[in-house]
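# Descriptive structure summary
Each chain is listed here by its residues.
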Amino acid sequence: MDDDLGLSDRESDEGSEEALTPAELINKLEEAWLNEKFAPELLETKSEIVECVMEQLNHMEQNLHRAQPGDLKISFHHMEIERIRYMLSSYLRGRLVKIEKYFPHILDKEKTRAEGEPPHLSPEEFAFAKEYMTNTETLLKGLALRHMPPNLQSVDLLKSGKCLSLDIN
């Protein structure tokens, strides 16, 4: 069934010599998603898997557009695309939730990471975390700290840890 729509093409990881089939790639995404979902801390980034899955999704959608209208296989492949898209967005959303919740600790850990140690944040996630920290500090200063006595107008977000939870609705 996959061969009819050209979905069994082999994709390769950039910078990697091994080629992964789309099924192996989806299995790796599912493993990363479940690990991230159930881990209490932010795990190391799997950005190469995310990029490959996004490329594979684009390829699958292009193949669906080329398929014959009215073919029953189209609806099955469309459901599979939506399932993969859900796993991918849930994986990324879970990472962002952890970054938002623990950004001071995560940024500190990322800055003090050893040279050979793999990063826990992708470049985009790192930029997001830095911007989120800046915005949080600006919000705290604008809402509360400017009304405090001068000796209390600074805050160390890393020391404030868990007690800093901004849920503004």
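So, how was this worked out
- Residues numbered from 1 in each chain as written.
- Predicted model: local features only at pLDDT ≥ 70, side-chain atom pairs only at ≥ 80, totals over all residues.
- Heavy atoms only, no water.
- UniProt positions renumbered as here; feature names shortened; annotations may be inferred.
- Helix = DSSP H or I, 4+ residues; strand = E, 2+ residues; numbered from the N terminus.
- Buried < 20%, exposed > 50% of the residue type's maximum accessible area, 1.4 Å probe, protein only.
- Contact = heavy atoms within 4.5 Å.
- Areas by Shrake-Rupley, 256 points an atom, 1.4 Å probe, with all protein chains shown as cover.
- Core = buried A, V, L, I, M, F, W, Y, C linked by side-chain atoms within 4.5 Å.
- Phe/Tyr/Trp six-rings, centres within 6.5 Å; stacked < 30°, edge-to-face > 60°.
- Expected span 1.5 Å × (residues − 1).
- Arc of directions from axis to C-beta.
- Patch = residues over 30% accessible without salt bridge, like charges linked within 9 Å, V, L, I, M, F, W, Y side chains within 5 Å.
- Salt bridge = Lys/Arg side-chain N within 4 Å of Asp/Glu carboxyl O.

- Looking at an unreviewed UniProt entry, the chain carries the name DNA replication complex GINS protein SLD5, with the source organism given as Hymenochirus boettgeri.
- The Subcellular location (unreviewed entry) comment attached to the chain in UniProt states, word for word, "Nucleus".
- Looking at the chain in UniProt, the text filed under Sequence similarities (unreviewed entry) is "Belongs to the GINS4/SLD5 family."

## A few points about the overall build of the chain
- Looking only at helices and strands, the chain features six helices and two strands.
- For the chain, the α and β elements follow one another from N to C terminus as α-β-β-α-α-α-α-α.
- Burial status across the chain gives 31% buried among its 169 residues.
- For the chain, contacts bridging at least 24 residues in sequence account for 67% of all contacts bridging at least 6.
- Split by element, the accessible area of the chain, about 11300 Å² in all, is 54% carbon and sulfur.

## A closer look at the nonpolar core
- By size, the foremost hydrophobic cluster in this structure holds 18 residues, and its most contacted members are Leu25, Leu29, Val53, Leu57, Ile84 and Leu88.
- Counting residues per element, the ones that place at least two in this core are α2 (22-38), α3 (47-66) and α4 (72-111).
- With seven residues, the single largest contributor to this core is α3.
- When sequence neighbours within four positions are dropped, the list of residues in contact with Val53 reads Leu25, Ile26, Leu29, Ile84 and Leu88.
- With six residues, the next largest nonpolar core counts Leu42, Ile99, Leu107 and Ala129 among its residues.

## A word on the packing of aromatic side chains
- Going through the model one piece at a time under the given rule, you end up with three aromatic pairs.
- Both rings, one in Phe103 and one in Tyr132, keep their centres 5.1 Å apart while their planes meet at 80°; by these two values the pair is edge-to-face. Placement of Phe103 in helix α4 and of Tyr132 in helix α5 (residues 123-143) is noted, with a sequence separation of 29 residues between them.

## Topic: α5
- For α5, with 21 residues, the first-to-last C-alpha span of 30 Å sits near the 30 Å given by 1.5 Å per residue.
- Buried within α5 are the following residues: Glu125, Ala129, Thr136 and Leu140. Along the axis of α5, the buried residues cluster in a sector spanning 45°; they form a single face. Relative to its buried face, α5 has exposed residues pointing more than 90 degrees away, namely Pro123, Glu124 and Thr138.

## Examining a nonpolar patch on the surface
- A cluster of nonpolar residues, Leu72, Phe76 and Met79, forms a patch on the protein surface that exposes about 330 Å² of accessible area.
- For Phe76, the position within the fold is in helix α4.
- Here Phe76 falls in the partly exposed class, since its relative accessible area comes to 40%.

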